[in-house]
Amino acid sequence: MGRITFIQHDGTRHTVDIEEGKSLMQTAMDNLVPGIDADCGGSCACGTCHVVLSEEWMAAAGVAKDDEANLLELTPDRSRTSRLSCQITTTEEMDGMVVRLPEFQM
Amino acid sequence: MKSGLIEKAKATVMDIGTAVVPMDLQIKGAHLLFNAKKKILRRPDFPAFVESPIPDVSTLAIEDIDVSNPFLFAQNRWESYFKRLRDECPVHYQKKSAFGPFWSITRYEDILFVDKNHDLFSAEPFIVIGAAPEGLSLEMFIAMDPPKHDVQRRAVQGVVAPKNLKEMEGLIRSRTQEVLDGLPLNKPFNWVEEVSIELTARMLATLLDFPYESRRKLVYWSDLAGGGAETTGGTSDTDELFRGMADMAKQFSQLWREKEAKRDAGEATGFDLMSLMLSNDDTKNLINKPMEFLGNLALLIVGGNDTTRNSMTGGVLALNRFPDEFTKLKNDPSLIPNMVSEIIRWQTPLAYMRRIAKQDVELNGKTIKKGDKVVMWYASGNRDERAIEQPDQFIIDRKNARNHISFGFGIHRCMGNRLAEMQLRILWEELIQRFDKIEVVGEPKYVQSNFVKGYSEMTVKLTAKA
Ligand code: HEM
Ligand code: FES
């Protein structure tokens, strides 16, 4: 089974199992990884499930749709590889993926 | 069009005047025009609302239900009215309210849909049921669509972003402690006045680095902006509003100039709103666009004012209505952050936001026509049994408490939500250390408004911790 590693802002690492079809946000929440608020519960409407991917995993994560891009635009500490984790569906191909969590969600 | 001349005159006052005429005088000019226009067009004053008992909702035909009644909260009818709409007619059309026809959206999922789809539903020109007083078109991004909204929000949101809040937390905490240490013990007092308003004024003064001794002005101004009869069914008066806004314009531009001078003299600048705006290339010259400048500042104080205030009062009321939850809290203060979200859900300080349909939209079996007013009732969405378990219960350790809809969703989602949560968290952390009992005495008095769900008075008696 594939695994994904979340790295908190303070450097703490959490490596968790992939459950195919579950969103990246839900994967973090279900494994009690701190650092994601997910205030809208995955409806792409709050922007508080912000994560930063590493460059090489951007393609595997797919392209952000308009509503996600709109919210990301308003995220204060966004970067080029920012995504909203509720909009990324995990697959076995994501084995080894590294996901960084921002210091704060807003 | 009859008003063409007046429109032109108004445009002249606002635009050409910008660079030369001080901002407060421009607002006075708009006030004169507003009054002149009222005379020329014989625009009648919007009648004040007179309170009468609101009937039991089961006695009404569905089309006669009017949830824009500004006494619905005060008379505690809102829960049954919205429940009936959610169950029988979740997308409901009221043809002939005092504010004209409007749609009510009452289920959580439908509200989310409207709030998210800013391409279908515009936040312009205003976000309350009624119309803003003409001429006082402060430019606030809460009532703008992209791309303008995004540019303006980005320019100011740093001040309430968690990074900056960390800087402010210590000051907000010590100012909170001071208030709580001065409260009377074993003696009833008005919680709204002594705690909720005072703390909110201190928080806003901190945010703006506003002269501390004048902090109550911030509350006064934003209360004025909060609503007259024609906007929300409230009680504030339009003439007073214009005068207040002129005074606000004057004081804010003064403060800005002072900060600008400090910056230019090379002094260290703070983490307050104006200092941040002055150090940002996009906003450092904002003062040259007075309506935008004022709008942005006003939005922060209005947005942060009665919302936070009424959550501070509402939390105490909720814990009195659900006393087991207070015991739970005392046994486990680590529940405070979760409780803060639950308080904000239970209270829902802003009952709704309004939109205008930009095209015909099919929603839950109804066709909303282009140009129609659409009101998203957050107060109802937060009590929607379809989305939230036991929604009428106040449960401080509720699972998924953060998923409430009080802050709205989508691009307009409350910018100050982290600040509001922080202020409430600090309040409860400090309260729980000091007091054993926080008893509500009698019934609170409610604000007259269809927009602000809040309290004008609530008597509380404190017992110190042993
Ligand atoms: C419990 C407290 C608060 C509640 C319930 C609340 C509620 C809301 C709601 C419902 C909206 C509109 C959301 C939408 O249209 O989807 C909003 C927007 C906004 N709020 Fe708050 N608010 C609170 C506190 C604050 C504070 C403390 C501030 C600032 C100091 C603030 C500033 C704003 C601003 C600037 C906007 C406009 C955002 C935009 O249009 O992009 N709010 N708030
Ligand atoms: S959980 Fe709200 S946008 Fe992802």
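Everything quoted here is computed from the prediction, not taken from an experiment. (Residues numbered from 1 in each chain as written. Chains lettered and ligands numbered in written order. Predicted model: local features only at pLDDT ≥ 70, side-chain atom pairs only at ≥ 80, totals over all residues. Heavy atoms only, no water.)

Some points on the overall build of chain B
Operational definition: A run of H or I in DSSP counts as a helix once it spans at least four residues, and a run of E counts as a strand once it spans at least two, with each numbered from the N terminus. Three labels apply to residues, based on accessible area from a 1.4 Å probe with only protein chains included: buried if under 20% of the type maximum, exposed if over 50%, partly exposed otherwise in between. Contacts are assigned to residue pairs with any non-hydrogen atoms lying within 4.5 Å of each other. Throughout, the Shrake-Rupley method with a 1.4 Å probe supplies accessible areas, and for residues the shown protein chains are the sole cover considered.
In terms of helices and strands, chain B carries 17 helices and ten strands. Counting the 466 residues in chain B, one finds 57% classified as buried. Considering only contacts in chain B between residues 6 or more positions apart, those separated by 24 or more positions represent 72%. Of the roughly 19,300 Å² of accessible surface on chain B, 53% is carried by carbon and sulfur atoms.

Description of the interface of chain B and chain A
For the record, the criterion: By convention in these notes, a salt bridge is any Lys or Arg side-chain nitrogen within 4 Å of a carboxyl oxygen on Asp or Glu. Each polar contact in these results corresponds to two N or O atoms within 3.5 Å; when the atoms are within protein, one needs to be able to donate a hydrogen and the other to accept it, and residues that are neighboring in sequence are counted only if both atoms are side-chain atoms.
Between chain B and chain A, the contact holds 21 residues from the first and 22 residues from the second. Here chain B is connected to chain A by eight salt bridges. Where glutamate 73 of chain A meets arginine 154 of chain B, a salt bridge forms, and the shortest distance between an N and an O atom there is 3.1 Å. Linking chain B with chain A are 14 residue pairs in polar contact (both at pLDDT 80 or more), by the criterion used here. Put simply, the parts of the chain that give the side of chain B that touches chain A at least two residues each are α5 (108-116), α6 (148-156) and α7 (162-181) of chain B.

Description of the site of ligand 1
Residues and elements named next belong to chain B. This is how it is decided: Here a residue counts as near a molecule or strand whenever at least one of its heavy atoms sits within 4 Å of it. Nonpolar residues are Ala, Val, Leu, Ile, Met, Phe, Trp, Tyr, Cys and Pro. Charged residues are Asp, Glu, Lys and Arg, and all others, Gly as well, are polar.
Near ligand 1 you find 30 residues, and of these His149, Arg153, Arg355, His412 and Cys414 are the closest. A distance of 3.3 Å separates a nitrogen atom of ligand 1 from a polar atom in the backbone of glycine 303. Here arginine 355 contributes a side-chain N or O atom positioned 2.9 Å from an oxygen atom of ligand 1. For the shell around ligand 1, the secondary structure elements donating two or more residues are α6, α13 (290-321), β5 (352-357) and α17 (417-434). With seven residues, α13 is the single largest residue contributor to the shell around ligand 1. For the shell around ligand 1, the class distribution of residues is 16 nonpolar, ten polar and four charged.

Some points on the layout of surface pockets
For the record, the criterion: Put simply, the grid is 1 Å and covers the protein atoms alone, a cavity is a trapped set of points that fit a 1.4 Å probe, a pocket is an open set with protein on both sides within 12 Å along at least five of seven lines, and lining residues have an atom within 4 Å of a point. Grid points are joined across faces, edges and corners, and a volume is the space filled by probe spheres set on the points.
Approximately 1,100 Å³ is the volume attributed to the second largest pocket. Breaking the lining of the second largest pocket down by element, the ones donating at least two residues are α1 (24-30) of chain A together with α7, α15 (336-347) and α17 of chain B. Looking at the lining of the second largest pocket residue by residue, the class counts come to 16 nonpolar, ten polar and twelve charged.

Notes on the side chain of aspartate 372 of chain B
All names here are of chain B. In plain terms, the rule: Counted charges follow a simple rule, with Lys and Arg positive, Asp and Glu negative, and His plus the chain ends left uncounted.
Along the polypeptide, aspartate 372 turns up in the loop between β7 (366-368) and β8 (373-377). Salt bridges are absent for the buried aspartate 372, whose nearest opposite-charge side chain, lysine 369, sits at 7.7 Å. Discounting chain neighbours no more than four positions away, the residues touching aspartate 372 are Trp103, Arg355, Ile356 and Ala357.

Here's the deal with the packing of aromatic side chains
All names here are of chain B. As a reminder, the rule being used: In summary, the pairing rule links any two rings of Phe, Tyr or Trp, Trp by its six-membered ring, whose centres are within 6.5 Å, and it sorts them by plane angle into stacked for under 30 degrees, edge-to-face for over 60 and tilted for everything else. Counting as a charge over the ring demands two things of the Lys NZ or Arg CZ atom: a distance within 6 Å of the ring centre and an angle within 35 degrees of the ring normal.
Inspection of the entire model under this criterion finds 17 aromatic pairs over all chains. Consider the rings of phenylalanine 210 and tryptophan 221, whose centres lie 5.9 Å apart with planes at 85 degrees: the pair is edge-to-face. Taken as a pair, phenylalanine 210 in the loop between α8 (191-208) and α9 (215-226) and tryptophan 221 in helix α9 lie far apart in primary sequence, eleven residues in all. Here the aromatic rings of phenylalanine 322 and phenylalanine 394 are separated by 6.0 Å at their centres, their planes lie at 40 degrees, and the arrangement is tilted. With a gap of 72 residues between them, phenylalanine 322 in the loop between α13 and α14 (323-331) and phenylalanine 394 in the loop between α16 (378-381) and α17 connect regions that are remote in the sequence. Each member of the pair, phenylalanine 322 as well as phenylalanine 394, carries the same accessibility label: buried. The structure contains a cluster of three or more aromatic residues connected by ring pairs, namely Phe82, Tyr352, Trp377 and Phe451. Looking at arginine 175, its charged tip hangs above the ring of tyrosine 212, at a distance of 3.9 Å from the centre. One cation-aromatic arrangement involves arginine 215 over tyrosine 212; the distance from NZ or CZ to the ring centre is 4.3 Å.

Some details on the packing of α13 of chain B against α14 of chain B
All names here are of chain B. Spelled out, the test is: Lines fitted to C-alpha atoms define the axes, with helix axes restricted to the stretch in contact, and inter-axis angles between N-to-C directions lie between 0 and 180 degrees. Any angle from 65 to 115 degrees is called roughly perpendicular, while one under 35 is roughly parallel, one over 145 is roughly antiparallel, and all others are oblique.
One can describe the packing of α13 onto α14 by two numbers: an axis separation of 4 Å at closest approach and a directional angle of 110 degrees. Between α13 and α14, the angle falls in the class roughly perpendicular. Of α14, the residues touching α13 (which contributes Leu319, Asn320 and Arg321) are Pro323, Glu325, Phe326 and Leu329. Per-class residue counts for the contact of α13 with α14 are four nonpolar, one polar and two charged.

Concerning the sheet that holds strand β10 (residues 455-464) of chain B
Residue and element names in this part refer to chain B. Inclusion rule: In this analysis, strands are considered paired if DSSP registers two or more bridges between them.
Spatial strand order, β4-β10-β9: three strands in an open sheet with antiparallel pairing. Looking along the sheet, the strands with just one partner apiece sit at the ends: β4 (189-190) and β9 (435-446). Taken together, the two bridges between β4 and β10 define a ladder with antiparallel strand orientation. Its bridge partner lying in β10, asparagine 190 is registered against threonine 459.

Some points on the nonpolar core
All names here are of chain B. The line we're drawing: To define a nonpolar core, start from buried Ala, Val, Leu, Ile, Met, Phe, Trp, Tyr and Cys residues and group those joined through side-chain atoms within 4.5 Å.
Val67, Ile368 and Trp377 are the most contacted members of the largest nonpolar core, which totals 49 residues. Breaking this core down by element, the ones donating at least two residues are α4 (78-88), β2 (100-105), α5, β5, β6 (361-363), β8 and α16. The contact partners of isoleucine 368, leaving out residues within four places of it in the chain, are Val91, Trp103, Ile105, Phe121, Ala357, Gln359, Asp360, Val361, Leu363 and Val374. Ranked by size, the runner-up nonpolar core spans 46 residues in total, among them Ala205, Phe210, Met245 and Phe252.

Details of the sheet that holds β8 of chain B
Within a beta sheet, neighbouring strands are joined by backbone hydrogen bonds and run either parallel or antiparallel to one another. Residues and elements named next belong to chain B. Strand order across the open sheet formed by five strands is β1-β2-β8-β5-β3, with mixed pairing between neighbours. If you trace the sheet from one side to the other, it starts and ends with β1 (91-97) and β3 (121-122), each paired once. In this structure, β1 lies alongside β2, joined through five bridges in antiparallel fashion. When the bridges of β2 are listed, glutamine 94 appears paired with phenylalanine 102. This element, α5, spans β1, β2, β3, β5 and β8 of the sheet and lies at about 125 degrees to β8.

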